[in-house]
2 protein chains.
Amino acid sequence: MDKQTVTIYDVAREADVSMATVSRVVNGNPNVKPATRKKVLDVIERLDYRPNAVARGLASKKTTTVGVIIPDVTNIYFSALARGIDDIAMMYKYNIILTNSDENGRKEVQVLNTLMAKQVDGIVFMGNDISEELRKEFDRAKTPIVLAGCVDPTGQMPSVNIDYVAAVEEAVKNLIDRGNQKVAFISGSLDQPINREYRLKGYKQALKKAGLRYDEKLVFETDYSYKAGQLLQPALQAAGATAAIVGDDELAAGVMNGVSDAGLNVPDDFEIITSNDTKLTEMVRPKMSSITQPLYDIGAVSMRLLTKLMNSEPVDERTVLLPYGLMKRDSTN
Amino acid sequence: MDKQTVTIYDVAREADVSMATVSRVVNGNPNVKPATRKKVLDVIERLDYRPNAVARGLASKKTTTVGVIIPDVTNIYFSALARGIDDIAMMYKYNIILTNSDENGRKEVQVLNTLMAKQVDGIVFMGNDISEELRKEFDRAKTPIVLAGCVDPTGQMPSVNIDYVAAVEEAVKNLIDRGNQKVAFISGSLDQPINREYRLKGYKQALKKAGLRYDEKLVFETDYSYKAGQLLQPALQAAGATAAIVGDDELAAGVMNGVSDAGLNVPDDFEIITSNDTKLTEMVRPKMSSITQPLYDIGAVSMRLLTKLMNSEPVDERTVLLPYGLMKRDSTN
DNA sequence: AGTGGTTATGAAAACGTTTTCACGTTGATT
DNA sequence: AATCAACGTGAAAACGTTTTCATAACCACT
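Residues numbered from 1 in each chain as written. Chains lettered and ligands numbered in written order. Predicted model: local features only at pLDDT ≥ 70, side-chain atom pairs only at ≥ 80, totals over all residues. Heavy atoms only, no water.

Student: Can you explain the interface of chain B and chain A? Please cite residues and give values.
Tutor: On the side of chain A, 51 residues touch chain B, which itself brings 51 residues to the contact. With both chains or domains summed, chain B and chain A bury close to 4,700 Å², and 51% of this area falls on carbon and sulfur atoms. Taken together, the connections running from chain B to chain A amount to 10 salt bridges. In this structure, Glu250 of chain B and Lys279 of chain A form a salt bridge, with 3.1 Å as the shortest nitrogen-oxygen distance. Linking chain B with chain A are 32 residue pairs in polar contact (both at pLDDT 80 or more), by the criterion used here. Those elements that place two or more of their residues in the side of chain B that touches chain A are α4 (53-60), α5 (76-91), β2 (95-100), α6 (105-117), α7 (132-140), α10 (226-230), α12 (249-261) and α13 (280-283) of chain B. Residues of the side of chain B that touches chain A, tallied by class, amount to 19 nonpolar, 15 polar and 17 charged. (Contact = heavy atoms within 4.5 Å. Buried area = accessible area lost by both parts, 1.4 Å probe. Salt bridge = Lys/Arg side-chain N within 4 Å of Asp/Glu carboxyl O. Polar contact = N/O pair within 3.5 Å; in protein donor to acceptor, adjacent residues only side chain to side chain. Helix = DSSP H or I, 4+ residues; strand = E, 2+ residues; numbered from the N terminus. Nonpolar A, V, L, I, M, F, W, Y, C, P; charged D, E, K, R; others polar.)

Below, the structure written as structure tokens:
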């Protein structure tokens, strides 16, 4: 009852050919006489032979597996990207090793190392910050890596994103144009470049163009959770904010419910624009207006880009920007 | 500039020992003299040697990788399970190959086969139905498989779930006790055992015990999507339902918003209990009452069970039932 | 009939580990 | 001093493929 495996050698013997020939037919190499091919195929069928991908990986130095580092699959934003990644991966016959990093730098480095040990052919990285140590590991990796929905301020790494600066600027302008003088900026940690150097920059630009003064009291730094958003309400009120641009949908839902539960009307008393356009925006009431980004596509395009890199195909744009938009729903007037 | 890899052989040479010894220190085998160990460790450090997991897998027939088949990562219910699975997997030094199946039988079989080809040490399967063909593949697999949040009516496969029959019965009873004579049953396809043989059974039992007649017109078979739920409102009204038990949270959110948008008040005109207790239940307004199940734990426990199976450890219960509950929020009175 | 170029095949060497055996050493026990 | 067990180590055989290289067979052409 031991796992008795049929090997390529068994097939070769039964079909009365060499291993090399079996390997050829299995891999669709055209240099095989049709008659031989058929003979081998028959034996494969009869013996129910299944090539061992590990042995194949060792011999060919290709595993047809790519690593995916994700902060948290449970977050709708990231799972949408992951879905795009997996679909394209499957299309190109790759499998995905998925690991949650919790945006924890140490864990990211460790995960990266085990992925390299497993000889993945490429890596898609999601996360909001690239620590120094992590960057060092990236550099030393001989494996292609692309960032998905994750900015690299230095622009060295292949990545796919939207233009966060412009998107946020447009959203904030929209809020200001409707008369909001005090627009809150709510995001995750400002240590993360995507917040500090992109979103916040867009926010400041919009203020400047509207002739408004930047006020630190309107900047709220918190973590990306529903709960955190909900708890922000008193602080928002204290700061006199009448609108907010929020960096994450779950967080935004929390903010909105916090505000509503305090008796204010959204959007009449308080307007909100969120950033990720996940399906959550349509499930809450009022539905949330949002910056629009093609989540699935960001994942899909990163994976596609990665396939090119893994294949050493020429790549025109190493850092691709996908189009964004602004979707008006019911949390703005 | 070619990927010049340091092998165990290089280390052996530099440290002036045999490969076997290097292997021993890398694997923590105690049978190595401390002095030798240090010497080897130093060389490893100096050369930055990283063991090749693929070669290791071939030689040892263990890949420390498990396959996870999931209908759709994008669904909050499943991603919560996946998170539990990954955390425990990581704890036991396993990695996860994650693939979406879309509950498509053909795809499930194909994915299963590539997982086997990749020599995964075990598999966690999520999905609502096990087709005949899939079951055949399961049987023939020499690899341990456990079902997570997925019933096997035949009880042959290891699985971890809650008692869906009892949970639904309790929820429906709760609805009936509050005077609802016409409780709708809303779920995914009744072809799926979990709906046909478990949830519906609980529903019928509750009706019977309350002396109510089972009415097919109150049974709504749809797909698990927000949209589908939203569109159900007219039919619900036509059937005269005043309450509903719903099999999925996104679906339930759709139902609730459909009902609300039609001008009815939830819970005064229409009560809803949903089934999965995902965080979505707290994000919508009103918050949804729900059957409570330990999602993360279902994933975690399945993975833990799988580790035991992979390790040929004795297992007391092959089909484990985790506790459920009923959480009253604002979609019921 | 001789030449040259495909085309089809096999032998055997990688690929980078783990693992099995056998063999010396060592130290304790009689 | 002889015996034994435990310990520490190395040689070499797996593991199941791909890939390189050589060669045989075939097929036109001159």
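Student: Can you tell me about the relation of the copies chain B and chain A, naming the residues and giving the values?
Tutor: Once chain B is rotated about the relating axis by 180° and shifted along it by 0.0 Å, it coincides with chain A to within an RMSD of 0.1 Å. Such a combination of turn and shift is consistent with a two-fold rotation axis. When C-alpha distances to the rotation axis are compared across chain B, the minimum falls at Ile97 of chain B, with a value of 2.2 Å. (Least-squares fit on C-alpha atoms with pLDDT ≥ 70 in both.)

Student: Residue-level account of the environment of Ser101 of chain A, with values.
Tutor: Residues and elements named next belong to chain A. Considering the arrangement of structural elements, one finds Ser101 in the loop between β2 (95-100) and α6 (105-117). Given the relative accessible area of 0%, Ser101 is considered buried. As for Ser101 and Met90, which are separated by 11 residues in sequence, their C-alpha atoms are 23 Å apart. Among residues more than four places away in sequence, those in contact with Ser101 are Ile69, Ile70, Pro71, Lys107 and Glu108. (Buried < 20%, exposed > 50% of the residue type's maximum accessible area, 1.4 Å probe, protein only.)

Student: How would you sum up the pattern of salt bridges? Please name residues and give values.
Tutor: Tallying each qualifying case throughout the model produces 40 salt bridges over all chains. Residues Lys173 of chain A and Asp177 of chain A are paired through a salt bridge, measuring 2.7 Å at the closest nitrogen-oxygen approach. With Lys173 of chain A and Asp177 of chain A both in helix α8 (residues 164-177) and 4 residues apart, this pair spans about one turn of that helix. Under the relative-accessibility criterion, Lys173 of chain A is labelled partly exposed at 46%. For Asp177 of chain A, a relative accessible area of 55% gives the class exposed. Arg178 of chain B is paired through a salt bridge with Glu271 of chain B; the nearest N and O atoms lie 2.3 Å apart.

Student: Outline empty space enclosed by the protein, supporting the account with residue identities and numerical values.
Tutor: For the coordinates displayed, the defined rule picks out 6 cavities of 30 Å³ or more. Within this model, the largest cavity holds a volume of roughly 90 Å³. Lining the largest cavity, in full, are Asn75, Tyr77, Phe78, Asn128, Ile194, Arg199, Tyr224, Gly247, Asp248 and Asn276 of chain A. At the level of elements, α5 (76-91) and α9 (193-209) of chain A are the ones that each hand at least two residues to the lining of the largest cavity. For the second largest cavity, the full set of lining residues is Val73, Leu98 and Asn100 of chain A together with Val68, Ala82, Ile85, Asp86, Ile96 and Leu98 of chain B. For the lining of the second largest cavity, the secondary-structure elements that each account for two or more residues are β2 of chain A together with α5 and β2 of chain B. Residue contributions to the lining of the second largest cavity peak at 3 residues, all from α5 of chain B. Among the residues making up the lining of the second largest cavity, the classes are represented as 7 nonpolar, 1 polar and 1 charged. (1 Å grid on protein atoms, 1.4 Å probe; cavity = no way out; pocket = protein on both sides within 12 Å on 5 of 7 lines; lining within 4 Å. Points joined across faces, edges and corners; volume = space filled by probe spheres on them.)

Student: Got a sec to walk through the pairing of strand β4 (residues 145-148) of chain B? Specific residues and values, please.
Tutor: Residue and element names in this part refer to chain B. Because side chains alternate across β4, one face comprises the buried residues Ile145 and Leu147, and the other comprises Val146 and Ala148, equally buried. One ladder, built from 3 bridges, connects strand β3 (residues 122-125) with β4; its direction is parallel. Residue Phe125 lies in a different strand from β4, and its bridge partner there is Leu147. Since β3 and β4 lie parallel, the crossover through α7 that links them has a hand, and here it is right-handed. Here β4 runs beside strand β5 (residues 159-162); their pairing, made up of 2 bridges, is parallel. The partner of Leu147 across the bridge, within β5, is Ser159. (Pairing = 2+ DSSP bridges. Right-handed = clockwise from strand over helix to strand, strands pointing away.)

Student: So what about the sheet that holds strand β6 (residues 183-187) of chain A? Which residues, and what values?
Tutor: Residues and elements named next belong to chain A. Strand order across the open sheet formed by 6 strands is β7-β6-β8-β9-β10-β12, with mixed pairing between neighbours. Strand pairing shows two members of the sheet lacking a second neighbour, β7 (219-221) and β12 (325-327), which therefore form its edges. This sheet shows a mean twist of 20° between the axes of neighbouring strands, independent of strand direction. Bridge count between strand β10 (residues 289-292) and β12: 3 bridges; the pairing is antiparallel. Its bridge partner lying in β12, Ser290 is registered against Met327. Sitting on the sheet, α8 touches β6, β8 (243-246), β9 (271-274), β10 and β12, and the angle it makes with β8 is about 170°. (Axes fitted to C-alpha atoms, helices over the stretch in contact; angles between N-to-C directions.)

Student: Break down the protein's contact with DNA strand C for me, citing the residues and quoting the values.
Tutor: Around DNA strand C lies a shell of 29 residues, among which Ser18, Thr21 and Thr36 of chain A together with Ile8 and Ser23 of chain B are the nearest. The sugar and phosphate moieties of DNA strand C supply 61% of its atoms located within 4 Å of the protein. Between DNA strand C and Ser18 of chain A, the relevant distance is 2.7 Å, taken from a phosphate oxygen to a main-chain nitrogen or oxygen of the residue. In this structure, a phosphate oxygen belonging to DNA strand C sits 2.5 Å away from a side-chain N or O atom of Thr36 of chain A. Per-class residue counts for the surface near DNA strand C are 12 nonpolar, 10 polar and 7 charged. (Near = heavy atom within 4 Å.)

Student: I'd like to hear about helix α8 (residues 164-177) of chain B, residue by residue, with values.
Tutor: All names here are of chain B. A rise of 1.5 Å per residue sets the reference length of α8, with its 14 residues, at 20 Å; its end C-alpha atoms lie 20 Å apart and thus fit the reference within 8%. All of the buried residues in α8 are Tyr164, Val165, Ala167, Val168, Glu169, Ala171, Val172, Leu175 and Ile176. Structurally, the start of α8 carries an N-cap: the backbone nitrogen of Val165 is 3.3 Å from a side-chain oxygen of Asp163. (Expected span 1.5 Å × (residues − 1).)

Student: Talk me through the side chain of Thr143 of chain B; I want residue IDs and the actual numbers.
Tutor: Residue and element names in this part refer to chain B. Take Thr143: it is sitting in the loop between α7 and β4. What makes Thr143 buried here is its relative accessible area of 10%. If we skip the residues at most four places from it in the chain, Thr143 touches Met116, Val120, Asp121, Gly122 and Ile123.

Student: Go over the sheet that holds strand β9 (residues 271-274) of chain B with me, naming the residues and quoting the values.
Tutor: All names here are of chain B. Pairing within the open sheet is mixed, and its 6 strands lie in the order β7-β6-β8-β9-β10-β12. Where the open sheet ends on each side, the last strands, each with one partner, are β7 (219-221) and β12 (325-327). Strand-to-strand, the axes of this sheet are offset by a mean angle of 20°, without reference to chain direction. Bridge count for strand β8 (residues 243-246) against β9 is 3 bridges, and the pairing is parallel. Residue pairing for β9: Ile245 is matched across the bridge by Ile273. Against the sheet, helix α9 (residues 193-209) engages β6 (183-187), β7 and β8, with an angle of about 165° to β6. Against the sheet, α12 engages β6, β8, β9 and β10 (289-292), with an angle of about 170° to β9.

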